[in-house]
Amino acid sequence: MIQIEHLYKTYPGGKQSEAHAALKDINLTIEDGSIFGIIGQSGAGKSTLVRCINLLERPTEGEIIIDGVNITDLTGKDLLEFRANVGMIFQNFSLFQQRTVLRNVTFPLELHKGYNKAEAKKRALELLELVGLADKADKYPSQLSGGQQQRVAIARALINNPSIMLCDEATSALDTMTTQSILQLLKDINKELGVTIVLITHSLLVAETICDTIAVIDAGQIVEMGFTKDVFENPQSDATRQLLGKRA
(Lines give C-alpha, C1' and ligand atoms only; values in the text may rest on other atoms or scores of the structure.)
Protein backbone atom coordinates (compact mmCIF):
# COMPACT_ATOMS: atom_id res chain seq x y z
CA MET A 1 0.00 0.00 0.00
CA ILE A 2 1.14 3.52 -0.82
CA GLN A 3 0.12 6.16 1.70
CA ILE A 4 0.89 9.81 1.01
CA GLU A 5 0.33 12.06 3.99
CA HIS A 6 0.38 15.87 4.05
CA LEU A 7 2.83 16.06 1.16
CA TYR A 8 4.19 19.42 0.06
CA LYS A 9 6.70 20.28 -2.65
CA THR A 10 7.89 23.87 -2.89
CA TYR A 11 10.52 25.13 -5.31
CA PRO A 12 12.55 28.11 -4.09
CA GLY A 13 12.23 31.32 -6.06
CA GLY A 14 15.05 33.16 -7.74
CA LYS A 15 16.10 36.74 -7.24
CA GLN A 16 13.07 38.06 -9.08
CA SER A 17 10.54 35.30 -8.46
CA GLU A 18 8.64 33.94 -5.49
CA ALA A 19 8.76 30.35 -4.28
CA HIS A 20 6.44 28.03 -6.20
CA ALA A 21 4.26 25.55 -4.31
CA ALA A 22 3.91 22.64 -6.78
CA LEU A 23 2.13 20.32 -4.31
CA LYS A 24 0.00 21.36 -1.34
CA ASP A 25 -1.12 18.97 1.39
CA ILE A 26 -1.51 15.86 -0.78
CA ASN A 27 -3.19 12.93 0.97
CA LEU A 28 -3.68 9.68 -0.97
CA THR A 29 -4.00 5.97 -0.32
CA ILE A 30 -3.23 3.61 -3.21
CA GLU A 31 -4.16 -0.01 -2.63
CA ASP A 32 -1.83 -2.86 -3.57
CA GLY A 33 -2.57 -4.35 -6.98
CA SER A 34 -4.71 -1.44 -8.15
CA ILE A 35 -4.41 0.80 -11.21
CA PHE A 36 -4.61 4.30 -9.80
CA GLY A 37 -4.87 7.33 -12.06
CA ILE A 38 -3.84 10.91 -11.33
CA ILE A 39 -5.41 13.31 -13.81
CA GLY A 40 -5.37 17.06 -14.27
CA GLN A 41 -4.55 19.89 -16.60
CA SER A 42 -1.00 20.60 -17.74
CA GLY A 43 0.96 22.20 -14.90
CA ALA A 44 -1.41 20.90 -12.19
CA GLY A 45 1.37 18.98 -10.41
CA LYS A 46 0.85 15.45 -11.77
CA SER A 47 4.43 14.75 -12.78
CA THR A 48 5.87 16.33 -9.64
CA LEU A 49 3.69 14.04 -7.55
CA VAL A 50 4.71 10.86 -9.35
CA ARG A 51 8.39 11.87 -9.16
CA CYS A 52 8.01 12.33 -5.41
CA ILE A 53 6.72 8.76 -5.06
CA ASN A 54 10.12 7.36 -6.06
CA LEU A 55 12.06 10.33 -4.63
CA LEU A 56 13.32 11.63 -7.95
CA GLU A 57 11.95 14.76 -6.32
CA ARG A 58 12.37 15.15 -2.57
CA PRO A 59 9.20 16.38 -0.85
CA THR A 60 9.51 19.61 1.12
CA GLU A 61 7.20 18.27 3.82
CA GLY A 62 5.09 15.19 4.49
CA GLU A 63 5.52 11.45 4.33
CA ILE A 64 5.30 8.72 1.70
CA ILE A 65 4.77 5.35 3.37
CA ILE A 66 5.06 2.23 1.24
CA ASP A 67 4.29 -1.11 2.87
CA GLY A 68 4.82 0.47 6.27
CA VAL A 69 8.18 2.11 5.45
CA ASN A 70 8.53 5.88 5.36
CA ILE A 71 10.60 6.17 2.20
CA THR A 72 11.28 9.88 2.69
CA ASP A 73 13.81 8.79 5.34
CA LEU A 74 15.77 6.61 2.92
CA THR A 75 19.25 7.51 1.70
CA GLY A 76 22.22 5.79 0.09
CA LYS A 77 22.00 2.03 -0.39
CA ASP A 78 18.50 1.83 1.11
CA LEU A 79 17.23 4.41 -1.38
CA LEU A 80 18.78 2.54 -4.31
CA GLU A 81 17.20 -0.73 -3.16
CA PHE A 82 13.82 0.97 -2.87
CA ARG A 83 14.06 2.48 -6.36
CA ALA A 84 14.88 -0.95 -7.78
CA ASN A 85 11.44 -2.02 -6.55
CA VAL A 86 9.72 0.78 -8.48
CA GLY A 87 9.56 0.67 -12.28
CA MET A 88 9.08 3.91 -14.20
CA ILE A 89 7.82 4.52 -17.73
CA PHE A 90 8.18 7.91 -19.39
CA GLN A 91 6.42 9.69 -22.24
CA ASN A 92 9.50 9.72 -24.48
CA PHE A 93 10.50 6.06 -23.80
CA SER A 94 14.02 7.09 -22.59
CA LEU A 95 15.79 4.25 -24.38
CA PHE A 96 19.51 4.14 -25.14
CA GLN A 97 19.80 4.50 -28.90
CA GLN A 98 23.22 2.80 -29.11
CA ARG A 99 22.06 -0.28 -27.20
CA THR A 100 20.07 -3.15 -28.64
CA VAL A 101 16.58 -3.84 -27.35
CA LEU A 102 17.97 -6.66 -25.21
CA ARG A 103 20.67 -4.49 -23.67
CA ASN A 104 18.17 -1.70 -22.99
CA VAL A 105 16.08 -4.16 -20.98
CA THR A 106 19.05 -5.59 -19.06
CA PHE A 107 20.52 -2.16 -18.26
CA PRO A 108 19.02 -1.78 -14.72
CA LEU A 109 20.51 -5.15 -13.74
CA GLU A 110 23.94 -4.10 -14.97
CA LEU A 111 23.99 -1.38 -12.31
CA HIS A 112 23.91 -3.92 -9.50
CA LYS A 113 26.85 -5.60 -7.87
CA GLY A 114 26.92 -9.29 -8.69
CA TYR A 115 25.35 -8.77 -12.10
CA ASN A 116 25.05 -12.09 -13.92
CA LYS A 117 24.99 -11.62 -17.68
CA ALA A 118 23.41 -14.99 -18.51
CA GLU A 119 20.65 -14.63 -15.92
CA ALA A 120 19.96 -11.05 -17.00
CA LYS A 121 19.64 -12.12 -20.64
CA LYS A 122 17.27 -14.95 -19.71
CA ARG A 123 15.08 -12.60 -17.66
CA ALA A 124 15.08 -9.95 -20.40
CA LEU A 125 14.06 -12.45 -23.08
CA GLU A 126 11.19 -13.62 -20.87
CA LEU A 127 9.99 -10.03 -20.52
CA LEU A 128 10.33 -9.33 -24.24
CA GLU A 129 8.13 -12.37 -24.79
CA LEU A 130 5.63 -10.92 -22.29
CA VAL A 131 5.44 -7.58 -24.13
CA GLY A 132 5.27 -9.22 -27.57
CA LEU A 133 8.76 -8.36 -28.79
CA ALA A 134 10.62 -11.66 -28.55
CA ASP A 135 11.78 -11.29 -32.16
CA LYS A 136 13.18 -7.76 -31.65
CA ALA A 137 15.93 -8.48 -29.09
CA ASP A 138 18.78 -7.66 -31.47
CA LYS A 139 17.15 -4.59 -33.03
CA TYR A 140 17.92 -0.99 -32.07
CA PRO A 141 15.31 1.53 -30.86
CA SER A 142 15.50 3.47 -34.14
CA GLN A 143 14.30 0.35 -35.94
CA LEU A 144 11.11 0.16 -33.87
CA SER A 145 7.80 2.00 -33.92
CA GLY A 146 6.81 4.26 -31.02
CA GLY A 147 4.53 1.59 -29.59
CA GLN A 148 7.27 -1.02 -29.79
CA GLN A 149 9.72 1.33 -28.07
CA GLN A 150 7.27 1.84 -25.23
CA ARG A 151 6.92 -1.94 -24.92
CA VAL A 152 10.71 -2.15 -24.55
CA ALA A 153 10.51 0.52 -21.85
CA ILE A 154 7.82 -1.51 -20.06
CA ALA A 155 9.98 -4.65 -20.20
CA ARG A 156 12.91 -2.68 -18.79
CA ALA A 157 10.69 -1.31 -15.99
CA LEU A 158 9.80 -4.90 -15.03
CA ILE A 159 13.34 -6.30 -15.04
CA ASN A 160 13.79 -5.96 -11.26
CA ASN A 161 10.40 -7.55 -10.46
CA PRO A 162 8.96 -4.29 -9.08
CA SER A 163 5.83 -4.20 -6.96
CA ILE A 164 5.03 -0.68 -8.21
CA MET A 165 5.10 0.81 -11.70
CA LEU A 166 4.86 4.56 -12.26
CA CYS A 167 3.66 5.70 -15.68
CA ASP A 168 4.15 9.38 -16.48
CA GLU A 169 2.07 10.20 -19.59
CA ALA A 170 3.21 6.83 -20.96
CA THR A 171 0.88 6.89 -23.99
CA SER A 172 0.71 10.60 -24.87
CA ALA A 173 3.24 10.26 -27.71
CA LEU A 174 1.32 7.37 -29.31
CA ASP A 175 -1.61 7.19 -31.72
CA THR A 176 -5.03 5.97 -30.59
CA MET A 177 -4.71 2.35 -31.69
CA THR A 178 -1.20 2.00 -30.25
CA THR A 179 -2.37 3.63 -27.02
CA GLN A 180 -5.12 1.04 -26.65
CA SER A 181 -2.66 -1.83 -27.16
CA ILE A 182 -0.27 -0.40 -24.54
CA LEU A 183 -3.12 0.09 -22.07
CA GLN A 184 -4.20 -3.53 -22.61
CA LEU A 185 -0.63 -4.65 -21.98
CA LEU A 186 -0.54 -2.67 -18.71
CA LYS A 187 -3.85 -4.23 -17.68
CA ASP A 188 -2.46 -7.70 -18.40
CA ILE A 189 0.70 -6.97 -16.40
CA ASN A 190 -1.38 -5.68 -13.49
CA LYS A 191 -3.54 -8.81 -13.53
CA GLU A 192 -0.83 -11.40 -14.15
CA LEU A 193 1.99 -9.98 -12.04
CA GLY A 194 -0.01 -8.07 -9.42
CA VAL A 195 2.00 -4.91 -10.00
CA THR A 196 0.46 -1.74 -8.57
CA ILE A 197 0.27 0.85 -11.37
CA VAL A 198 0.16 4.59 -10.74
CA LEU A 199 -0.69 6.31 -13.99
CA ILE A 200 -0.33 10.03 -14.67
CA THR A 201 -2.37 11.26 -17.62
CA HIS A 202 -4.18 14.28 -18.99
CA SER A 203 -6.31 11.97 -21.14
CA LEU A 204 -9.74 11.20 -19.75
CA LEU A 205 -10.09 8.32 -22.21
CA VAL A 206 -6.91 6.71 -20.90
CA ALA A 207 -8.06 7.09 -17.30
CA GLU A 208 -11.52 5.72 -18.10
CA THR A 209 -10.05 2.75 -19.99
CA ILE A 210 -7.61 1.50 -17.40
CA CYS A 211 -7.93 3.10 -13.96
CA ASP A 212 -9.85 1.54 -11.07
CA THR A 213 -9.73 4.74 -9.05
CA ILE A 214 -8.57 8.27 -9.83
CA ALA A 215 -7.54 11.46 -8.11
CA VAL A 216 -7.99 14.83 -9.78
CA ILE A 217 -5.23 17.33 -9.09
CA ASP A 218 -5.60 21.07 -9.69
CA ALA A 219 -3.06 23.77 -8.84
CA GLY A 220 -1.10 21.30 -6.72
CA GLN A 221 -4.07 20.08 -4.66
CA ILE A 222 -6.22 16.95 -4.81
CA VAL A 223 -9.73 18.26 -5.46
CA GLU A 224 -11.53 14.96 -5.99
CA MET A 225 -10.93 11.25 -5.61
CA GLY A 226 -12.94 8.07 -6.02
CA PHE A 227 -13.86 5.21 -8.32
CA THR A 228 -13.27 6.32 -11.91
CA LYS A 229 -16.82 5.63 -13.01
CA ASP A 230 -18.29 7.58 -10.08
CA VAL A 231 -16.03 10.60 -10.59
CA PHE A 232 -16.76 10.77 -14.31
CA GLU A 233 -20.51 10.32 -13.92
CA ASN A 234 -20.94 12.68 -10.99
CA PRO A 235 -18.02 15.15 -10.76
CA GLN A 236 -17.93 17.18 -7.56
CA SER A 237 -15.26 19.78 -8.30
CA ASP A 238 -15.08 22.60 -10.83
CA ALA A 239 -11.70 21.30 -12.01
CA THR A 240 -13.17 17.87 -12.80
CA ARG A 241 -16.15 19.38 -14.57
CA GLN A 242 -13.79 21.46 -16.69
CA LEU A 243 -11.77 18.38 -17.57
CA LEU A 244 -14.97 16.66 -18.58
CA GLY A 245 -16.12 19.63 -20.62
CA LYS A 246 -18.88 20.39 -18.13
CA ARG A 247 -19.65 23.57 -16.27
CA ALA A 248 -21.23 24.10 -12.90
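This report concerns the structure included in the present document. Just so you know, these numbers come straight off a predicted model, no measurement behind them.

This paragraph deals with the environment of Glu31. Mapping Glu31 onto the fold places it in the loop between β2 (20-30) and β3 (35-39). Glu31 gets classed as partly exposed once you look at its relative accessible area, which sits at 45%. Taking the C-alpha atoms as reference, Glu31 lies 10 Å from Val198; in sequence the two are 167 residues apart. Contacts of Glu31, omitting those with residues within four sequence positions, involve Met1 and Thr196.

All right, on to helix α1 (residues 46-53) then. Most of α1 is tucked away: six of the eight residues are buried. Phi for Leu55, located one or two positions after α1, is positive at around 60 degrees.

Contact geometry for helix α5 (residues 146-158) and helix α6 (residues 176-193): axes closest at 10 Å, N-to-C directions at 20 degrees. Put simply, α5 runs roughly parallel to α6. Along this stretch, α5 crosses α6, giving a crossing that reads as right-handed. Between α5, through Gly147, Gln150, Arg151, Ile154 and Leu158, and α6, the contact on the second element is made entirely by Thr178, Ser181, Ile182, Leu185, Leu186, Ile189 and Leu193. Across the contact of α5 with α6, the residue classes tally to seven nonpolar, four polar and one charged.

Before going further, it helps to spend a moment on the packing of aromatic side chains. On inspection of all chains with the given rule, the structure shows one aromatic pair. The aromatic ring of Phe96 is capped on one face by Arg99, whose charged end is 5.9 Å from the ring centroid.

This paragraph deals with the pairing of strand β1 (residues 2-11). Bridging between β1 and β2 involves seven bridges; their strand directions are antiparallel. Bridging from a neighbouring strand, Ile4 pairs with Leu28 of β2. Sheet topology note: the β1/strand β4 (residues 61-66) ladder contains five bridges and is antiparallel. Within β4, the residue paired with Tyr8 across the bridge is Glu61.

About the cut-offs
Residues numbered from 1 in each chain as written. Predicted model: local features only at pLDDT ≥ 70, side-chain atom pairs only at ≥ 80, totals over all residues. Heavy atoms only, no water. Helix = DSSP H or I, 4+ residues; strand = E, 2+ residues; numbered from the N terminus. Buried < 20%, exposed > 50% of the residue type's maximum accessible area, 1.4 Å probe, protein only. Contact = heavy atoms within 4.5 Å. Axes fitted to C-alpha atoms, helices over the stretch in contact; angles between N-to-C directions. Parallel < 35°, antiparallel > 145°, perpendicular 65-115°, else oblique. Left-handed = near helix turned anticlockwise from the far one by under 90°. Nonpolar A, V, L, I, M, F, W, Y, C, P; charged D, E, K, R; others polar. Phe/Tyr/Trp six-rings, centres within 6.5 Å; stacked < 30°, edge-to-face > 60°. Lys NZ or Arg CZ within 6 Å of the ring centre and 35° of its normal. Pairing = 2+ DSSP bridges.

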